[in-house]
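# Structural features, examined
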Amino acid sequence: MPKSPQVVVVTGASAGIGRATARLFASRGADVGLIARGSDGLKAAQAEIEDMGRRALVLNADVANFDEVSAAAAAVEEELGPIDVWVNNAMVSVFASVEDTKPEDFRRVTDVTYHGYVYGTLAALRYMRPRNSGCIVQVGSTLAYRGIPLQAAYCGAKHAIQGFNESLRCELLHDRSKVRLTMVQMPAVNTPQFHWVKTDFKMHPQPVPPIYQPELAAEAVVWASEHRRREVNLGFPTSLSIVANNFVPGLLDHYLARKGLSSQKASWPIEPDRPDNLWEPVPGDHGAHGEFDSVAHESTVQWWMVKNRPWLLGAAAVTGAAAWFGRR
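Residues numbered from 1 in each chain as written. Predicted model: local features only at pLDDT ≥ 70, side-chain atom pairs only at ≥ 80, totals over all residues. Heavy atoms only, no water.

## As for the sheet that holds strand β14 (residues 296–297)
- In spatial order, the strands read β8-β11-β14; together these three strands make up an open sheet with parallel pairing. Unpaired on one side and paired on the other, β8 (188–189) and β14 mark the two borders of the sheet.
- As defined by bridge partners, β8 adjoins strand β11 (residues 211–212) across two bridges and the pair is classed as parallel. Note that in β11 the partner of A188 across the bridge is I211. (Pairing = 2+ DSSP bridges. Helix = DSSP H or I, 4+ residues; strand = E, 2+ residues; numbered from the N terminus.)

This is the structure in structure tokens:
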């Protein structure tokens, strides 16, 4: 009897990392449930996946609404089959100082970027727990460990995901559950969010360099879903920032106070009357890429090292043993 295709759900699938991730899973033979608010992007993602010969289910939902997320999960189970992988990726943000960010905007960013992950996880667990199988991937960020200026709402939400994830992981281990949980900490990625993120900047927002392409981020998500790693870092800046924050957080405070504001602003002014997607999706199909293709990296040696860690550790052990015996 032929094996059923893998069924994957991706939130925030209409653009950016979610769009690239949905495409990559489909290219590897998966059927994909696509969750997002933007109908234009969802329909375009559906067409891309169906062109690969895979099934795609469009699910218009705001992840800040648990009932909508739960209904989307039920629809996937009914129409595509048992969910094997659930990817929490949907996010919104605000680029502004703490004092200039409205209380309702803090709440909205938290509802989407944190509660959306909680609701997605609960929806996935509803089906994965009884089957005692499946994988939940949380798309994280360097900012889950290290807050930066002008993104307090987003940094707070990403920190919250990290704490939530650790609590759930312990519970799954206690129950000896075979449901896997992993988190991919991302670097700066060239996605459309910088074109539509809410901000009071006069200059166009940009990711803090170095910047990476969304296809590399998608590769990390898919790889994490297939390997038993509790957490995966993508890019040297991610790993270095997390390590540095553990040992010299005060030094990072002062560095970011000097450099962290200007590094998030591009050299061109923001468009007048520019729409943002905090409360409503921006119409149109925005694809996976943002406006920084000319400076975005498609690969990194660090990711090759992550994927080949067993071989590298083995080579290091052999080299060390040879050196030790060579001294005898």
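## Some points on helix α5 (residues 152–174)
- The first and last C-alpha atoms of α5 sit 33 Å apart over 23 residues, in line with the 33 Å expected at 1.5 Å per residue.
- Taken together, the buried positions of α5 are A153, Y154, C155, A157, K158, I161, Q162, F164, N165, L168, R169 and L172.
- Taken together, the buried residues of α5 touch α4 (103–131), β6 (135–139), β7 (180–185) and β12 (231–233).
- Following α5 by one or two positions, R176 has its phi on the positive side, about 55 degrees. (Expected span 1.5 Å × (residues − 1). Buried < 20%, exposed > 50% of the residue type's maximum accessible area, 1.4 Å probe, protein only. Contact = heavy atoms within 4.5 Å.)

## Quick word on the sheet that holds strand β2 (residues 31–36)
- Strands sit in the order β3-β2-β1-β4-β6-β7-β12 across an open sheet of seven strands; the sheet is parallel. Of all strands in the sheet, those bounded by a partner on one side alone are β3 (56–60) and β12. Averaged over all neighbouring strand pairs, the angle between strand axes comes to 15 degrees, with direction disregarded.
- Pairing of β2 with β3 involves five bridges; the strand directions are parallel. The residue bridging A36 from the neighbouring strand is N60, located in β3.
- Across the sheet, helix α1 (residues 16–27) is in contact with β1 (7–11), β2 and β4 (85–88); its angle to β1 comes to roughly 170 degrees. (Axes fitted to C-alpha atoms, helices over the stretch in contact; angles between N-to-C directions.)

## Regarding the pairing of β1
- Most of β1 sits inside the fold, with five of its five residues counted as buried.
- Going residue by residue along β1, you find V7, V9 and T11 tucked away on one face and V8 and V10 tucked away on the opposite face as well.
- Relative to β2, β1 is paired through five bridges, and the arrangement is parallel. Among the inter-strand pairings, V10 is bridged to a residue of β2, identified as L34.

## Structural notes on the pattern of salt bridges
- Counted by the stated rule, this structure contains 13 salt bridges.
- Across the pair R129 and D175 runs a salt bridge, and its minimum N-O distance is 3.0 Å. A residue pair is termed long-range when its members are at least 10 positions apart, and R129 in helix α4 and D175 in the loop between α5 and β7 qualify at 46 residues.
- Between D253 and R146 there is a salt bridge, and its shortest N-O distance comes to 2.7 Å. Placement of D253 in helix α9 (residues 249–259) and of R146 in the loop between β6 and α5 is noted, with a sequence separation of 107 residues between them.
- With relative accessibility at 12%, the residue R146 sits in the buried group.
- One network of salt bridges, with partners in common, ties together R19, R23, E48, E215 and D285. (Salt bridge = Lys/Arg side-chain N within 4 Å of Asp/Glu carboxyl O.)

## Observations regarding the packing of aromatic side chains
- Per the counting criterion, the structure on display carries seven aromatic pairs.
- With a centroid separation of 5.8 Å and an interplanar angle of 65 degrees, the aromatic rings of F95 and F201 are classed as edge-to-face. Linking F95 in strand β5 (residues 94–95) with F201 in the loop between β9 (198–199) and β10 (203–205), this pair joins segments that are 106 residues apart in sequence.
- An aromatic cluster of at least three residues, connected via ring pairs, comprises F95, F194, F201, W268 and F292. (Phe/Tyr/Trp six-rings, centres within 6.5 Å; stacked < 30°, edge-to-face > 60°.)

## Remarks on the side chain of D62
- The topology assignment puts D62 in the loop between β3 and α3 (66–79).
- A polar atom in the side chain of D62 sits 3.0 Å from the backbone nitrogen of A64.
- Not counting chain neighbours up to four residues away, the residues in contact with D62 comprise R37, E68, V69, R108 and V112. (Polar contact = N/O pair within 3.5 Å; in protein donor to acceptor, adjacent residues only side chain to side chain.)

## Points about the packing of α1 against helix α7 (residues 214–226)
- Two numbers describe how α1 lies on α7: the axes approach to 8 Å, and their chain directions differ by 55 degrees. If you check the angle between α1 and α7, you find them oblique. Crossing handedness for the pair α1 and α7: right-handed. Counting all contacts with α1, which are made through G16, I17, A20, T21, R23, L24 and F25, the residues of α7 involved are P214, E215, A217, A218, E219, V221, V222 and S225.
- Classifying every residue of the contact of α1 with α7 by side-chain character gives nine nonpolar, three polar and three charged. (Parallel < 35°, antiparallel > 145°, perpendicular 65-115°, else oblique. Left-handed = near helix turned anticlockwise from the far one by under 90°. Nonpolar A, V, L, I, M, F, W, Y, C, P; charged D, E, K, R; others polar.)

## Observations concerning the confidence of the model for the protein chain
- Scored by pLDDT, the protein chain comes out at a mean of 94, with 94% of its residues at no less than 70.
- Per-residue pLDDT stays below 50 along residues 315–324; that stretch engages in zero contacts with residues further than four places along the chain or on separate chains. (pLDDT = per-residue confidence, 0-100.)

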